[in-house]
Structure formats: C-alpha cells, structure tokens
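As a plain string of letters, each chain reads:
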Amino acid sequence: MVLPPELARIHALIAAEGTLHYEKKNHAYMIHFTCIERELCDLFSRDFVKIYGRKPYLRYARGRVAGLKVCSKRAFQQLSELGIRYESGLKVWEIPLAQLDKRSALYWIKAFFSGDGYLYWNPHKRDFEVTFFSCNLRGLKQLEISLRDFFNTENIRYNMSKPHGYQRLPNYMLRLRNKRDVLRFIRQIGSYRAKDNMKI
C-alpha cells in the first residue's frame, strides 16, 4: 500500500517535531506535535482529521501556540508500525520507503523539511543551501536514499555537532550544497513554511 499524501505528511511531521506517549494512568495513547508555527499546526490538524477523523487540540504556552495534542490509539499504533518508536527513551524514526512512491515521497520530504529543515543563504558562496537536522542518523540515511532515488539528488554531505545543553546525542546535518541539487529541491519539493518561500 502506498501511503496517502496526508498520512505521509503526518508521519514526517511527527518524525521531525512530534512524540508518541502512552499514559499508563489514563490508558491514553497520546500524540504530541510540538511546533510554534501555526501554519504547520493547521496542516497537521487537517491531515489528522482526514486520516483519523479526530481533531487535535491546540496547546498554548505563555499565550503563544506551542503545538497540538490528540489521543488516538489507531494513529498511535499505525505510526509506530510505520517506524516511529523509542529506544532507550529516545525517539527514533524510519521512513517507510516500501510504502512511498515519488508523489508520497515528495509530501514526506517536504513536511520533514518544514519541521526540521532550513533554507540557508551562504554569503561566501552567494547561494542557498538546504539543510536537514536530526539526532537520528539512520533516518537521515534513508532520507538520502529518497532524495537520490526519487529526485536525482547527487551531492549530499553530512556534518555532526556535539551534544550541548539538554541534548544527549549529537545532532546530524544532511546538506545539499550543489547549486543544481538545491534548485531542484526548491522547484520540485519546497517547504510548507511561507517564510522559506519568501527567502527565494
């Protein structure tokens, strides 16, 4: 089964900015999407309603949007089966490559970039770079496969930053720096965040 676009986006946004949490006391299967950007919260909410028929609730912190939460055993179990899980208390994710075609891969990559990616202007090269961030190197390697197989991306580099502050693991960066790859990403994939599109 090929994932519908809405489910591909939900999976990618949870991989980037979400958590799955089972509350034993209340026997509640909770899904949290931690994001301060209203446009991504609205996108996640619309997709969740379409796929699971349940509307997530907005969470606020200090009067500002802080994300969404929703209780759904069906969604919790399906997202777990699709590769979002916890190992030693840390969230890991895998891209369900066997269930993606080029269209659903585009939705997955675009959503993940919108949550954990950045379009960066390099003043030295006088050009844009595309960067994805994650502590999950295995997931980024699968992202590399998707970019190469579906969008013919050629020049992919990795960087690593050491843990700092509350982080327990290093943060990895998957970077597109080749002008051809960056232009192809912008034109064929892009972002759901308006601020990214305004940079171009």
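Student: What's the story with the overall build of the chain in this structure? I'm lost.
Tutor: Looking only at helices and strands, one finds seven helices and 10 strands in the chain. Computed over its C-alpha atoms, the radius of gyration of the chain comes to 17 Å, within 12% of the 16 Å expected for a compact globule of 200 residues. Projected onto its principal axes, the C-alpha coordinates of the chain cover approximately 55 × 40 × 35 Å. A burial count over the chain gives 48% of its 200 residues as buried.

Student: Would you explain the sheet that holds strand E3 (residues 57-61) in this entry?
Tutor: Adjacent strands of a sheet pair through backbone hydrogen bonds, lying either parallel or antiparallel. An order of E1-E2-E4-E3 is seen for the four strands of this open sheet, with the pairing classed as antiparallel. The sheet is open, and its two borders are formed by strand E1 (18-23) and E3, each paired with just one other strand. Each strand of the sheet is rotated relative to its neighbour by a mean of 30 degrees, with strand direction disregarded. The sheet contact formed by strand E2 (residues 28-33) and strand E4 (residues 64-71) spans four bridges and is antiparallel. Within E4, the position partnered with Ile-31 by the bridge is Val-70. Where helix H3 (residues 73-81) meets the sheet, its contacts fall on E1, E2 and E4, and the angle it forms with E2 comes to roughly 70 degrees.

Student: Sorry, what's going on with the packing of helix H2 (residues 38-52) against H3 here?
Tutor: Between two packed helices, the angle of one axis relative to the other and the distance separating the axes together describe the packing. The interhelical angle for the contact between H2 and H3, taken along N-to-C directions, is 100 degrees, at an axis separation of 11 Å. As judged from the angle between their axes, H2 and H3 are roughly perpendicular. Here Phe-48, Ile-51 and Tyr-52 of H2 lie close against H3, whose contacting residues are Arg-74, Ala-75, Gln-78 and Leu-79. Among the residues making up the contact of H2 with H3, the classes are represented as five nonpolar, one polar and one charged.

How each quantity is defined
- Residues numbered from 1 in each chain as written.
- Predicted model: local features only at pLDDT ≥ 70, side-chain atom pairs only at ≥ 80, totals over all residues.
- Heavy atoms only, no water.
- Helix = DSSP H or I, 4+ residues; strand = E, 2+ residues; numbered from the N terminus.
- Rg over C-alpha atoms; globule rule 2.2 N^0.38 Å.
- Buried < 20%, exposed > 50% of the residue type's maximum accessible area, 1.4 Å probe, protein only.
- Pairing = 2+ DSSP bridges.
- Axes fitted to C-alpha atoms, helices over the stretch in contact; angles between N-to-C directions.
- Contact = heavy atoms within 4.5 Å.
- Parallel < 35°, antiparallel > 145°, perpendicular 65-115°, else oblique.
- Nonpolar A, V, L, I, M, F, W, Y, C, P; charged D, E, K, R; others polar.

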